[in-house]
Amino acid sequence: MGAVVSCIESLFQTLGSCLMAIVNGIGSVLQAIIAGIVSCFDIIISCLTCGRGGGRRRGGRSAV
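Because the structure is a prediction, the values reported are computed rather than measured.

Next up on the list: the overall build of the protein. Counting its secondary structure elements, the protein contains 1 helix and 0 strands. Taken over 64 residues, the protein has a buried fraction of 2%. Working note: accessible area of the protein is about 5900 Å², and carbon and sulfur atoms make up 69% of it.

Another point: the UniProt feature "transmembrane region" (unreviewed entry) in the protein. When the UniProt feature table is mapped onto this chain, "transmembrane region" (unreviewed entry) is found at residues 29-51. Split by type, residues 29-51 is 87% helix and 0% strand. Its first and last C-alpha atoms lie 29 Å apart.

If you check helix 1 (residues 2-48), its first and last C-alpha atoms are 69 Å apart, about what 47 residues at 1.5 Å a residue would give, namely 69 Å. The first or second residue beyond helix 1 is Cys-50, which carries a positive phi of 55°.

Attention now goes to the state of the cysteines. Within this structure, the stated rule accounts for 0 disulfides. No disulfide involves Cys-50; its nearest neighbouring cysteine sulfur is the one of Cys-47, lying 8.8 Å away.

Analysis parameters
Residues numbered from 1 in each chain as written. Predicted model: local features only at pLDDT ≥ 70, side-chain atom pairs only at ≥ 80, totals over all residues. Heavy atoms only, no water. Helix = DSSP H or I, 4+ residues; strand = E, 2+ residues; numbered from the N terminus. Buried < 20%, exposed > 50% of the residue type's maximum accessible area, 1.4 Å probe, protein only. Areas by Shrake-Rupley, 256 points an atom, 1.4 Å probe, with all protein chains shown as cover. UniProt positions renumbered as here; feature names shortened; annotations may be inferred. Expected span 1.5 Å × (residues − 1). Disulfide = S-S within 2.5 Å.

Structure follows, in C-alpha cells:
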C-alpha cells in the first residue's frame, strides 16, 4: 500500500513541477513582450522630444 501512495505522490509532484514550468514560461514571455513595448514607446518618445526626454545628458560641460 505504501508503494501506491508513493507513486501517487510522485505523480502529483511531477504534475506540479510541470504546471509551474508552464506558468514560469508564460510569465517570461509576457515580461519580454512588455519590455519590447516599453522600448518601442521609449524610442518614440525620444524621437518626438529630440532625445531630450528621460533626463539623459549628452555631452555638455562639467561644472568645475
